[in-house]
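As a plain string of letters, each chain reads:
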Amino acid sequence: MSRPNQTVNIYFDSPKNFEASNILPLNGIAGLYFIFSSSIQIQYPFDKSRLLYIGMSEKRTNSIGSRLNGHFGGKSKNVGLTNYRQVEPLWFTYINFDMLKNIWAYRIEDLESYFILNFVQHFGVYPICNNKTGLDVMSNNIATHFKIDWNYFK
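Quick look at the structure, then. (Residues numbered from 1 in each chain as written. Predicted model: local features only at pLDDT ≥ 70, side-chain atom pairs only at ≥ 80, totals over all residues. Heavy atoms only, no water.)

1. Points about the pattern of salt bridges
Consideration 1: Summed over all chains, the structure comprises 4 salt bridges.
Consideration 2: The network of salt bridges with shared partners includes Arg60, Asp98 and Lys101. (Salt bridge = Lys/Arg side-chain N within 4 Å of Asp/Glu carboxyl O.)

2. Brief notes about helix α4 (residues 108–123)
Consideration 1: Between its first and last C-alpha atoms α4 spans 22 Å; for 16 residues at 1.5 Å apiece the expected length is 22 Å, and the two agree.
Consideration 2: The element α4 is extensively covered by neighbouring structure, given that 12 of its 16 residues are classed as buried.
Consideration 3: Among all positions of α4, only Ile108, Asp110, Leu111, Glu112, Ser113, Tyr114, Phe115, Ile116, Leu117, Asn118, Phe119 and Phe123 are buried.
Consideration 4: Looking at the buried positions of α4, the neighbouring elements they touch are β1 (6–10), β3 (31–37), β5 (48–49), β6 (51–57), β7 (90–96) and β8 (144–148).
Consideration 5: Following α4 by one or two positions, Gly124 has its phi on the positive side, about 95°. (Helix = DSSP H or I, 4+ residues; strand = E, 2+ residues; numbered from the N terminus. Expected span 1.5 Å × (residues − 1). Buried < 20%, exposed > 50% of the residue type's maximum accessible area, 1.4 Å probe, protein only. Contact = heavy atoms within 4.5 Å.)

3. Topic: the side chain of Ser37
Consideration 1: Note on placement: Ser37 falls in strand β3.
Consideration 2: From its side chain, Ser37 meets the backbone nitrogen of Ser39 in a polar contact 3.1 Å long.
Consideration 3: The contacts of Ser37, once residues within four sequence positions are left out, are Arg50, Leu52, Glu88, Pro89 and Leu90. (Polar contact = N/O pair within 3.5 Å; in protein donor to acceptor, adjacent residues only side chain to side chain.)

4. A closer look at the sheet that holds β3
Consideration 1: Within the open sheet, the 4 strands sit side by side as β2-β7-β3-β6. Their pairing is antiparallel. Both edges of this open sheet fall to β2 (16–17) and β6, since each of them pairs with a single strand only.
Consideration 2: Bridging between β3 and β6 involves 6 bridges; their strand directions are antiparallel. When the bridges of β6 are listed, Tyr33 appears paired with Gly55.
Consideration 3: In the packing of α4 onto the sheet, contacts are made with β3, β6 and β7, and the angle to β6 comes to roughly 165°. (Pairing = 2+ DSSP bridges. Axes fitted to C-alpha atoms, helices over the stretch in contact; angles between N-to-C directions.)

5. Comments concerning the environment of Asn118
Consideration 1: The residue Asn118 is located in helix α4 in this model.
Consideration 2: Residue Asn118 is classed as buried on the basis of its relative accessible area of 6%.
Consideration 3: Between the alpha carbons of Asn118 and Trp150 there is a distance of 9.6 Å; along the sequence they are 32 residues apart.

Here you go:
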């Protein structure tokens with residue numbers, strides 16, 4: 001039995017300064033996170049955005065807090081994020097995967113791919129500090145679609 005298709009609006013929580021004191025409370029939380037510039041607008045092919053990176057934590061032991069801490073300290077070796085952080089303060093926001101479990105029947109990795117590929121549809125290319133995506137979930141027949149508030153990052 002298949003579920004009917006549904007569209008869910010995604011709005012983002014208040015931005016947090018990309019600093020250790022804001023990252024620490026996210027240890028143990030799995031989901032997606034979004035790192036963005038406080039003021040620099042990136043000119044993507046279809047539109048401008050301050051969004052630099054979409055990332056994910058697939059499990060609580062490698063949580064959003066752990067992943068953000070890796071980006072914050074440079075352990076992730078994402079040169080783009082490190083260099084943007086040198087020239088201005090960065091912000092982040094996140095989506096706790098537990099909130100979407102009832103409507104998203106796939107893995108967190110697939111959700112990350114969905115968001116990245118949706119970003120590509122709206123802006124013409126991956127976020128400037130992302131360089132890969134996972135499975136192409138957009139080509140699958142999925143029951144839930146998201147209307148993502150990309151204006152949040154303008």
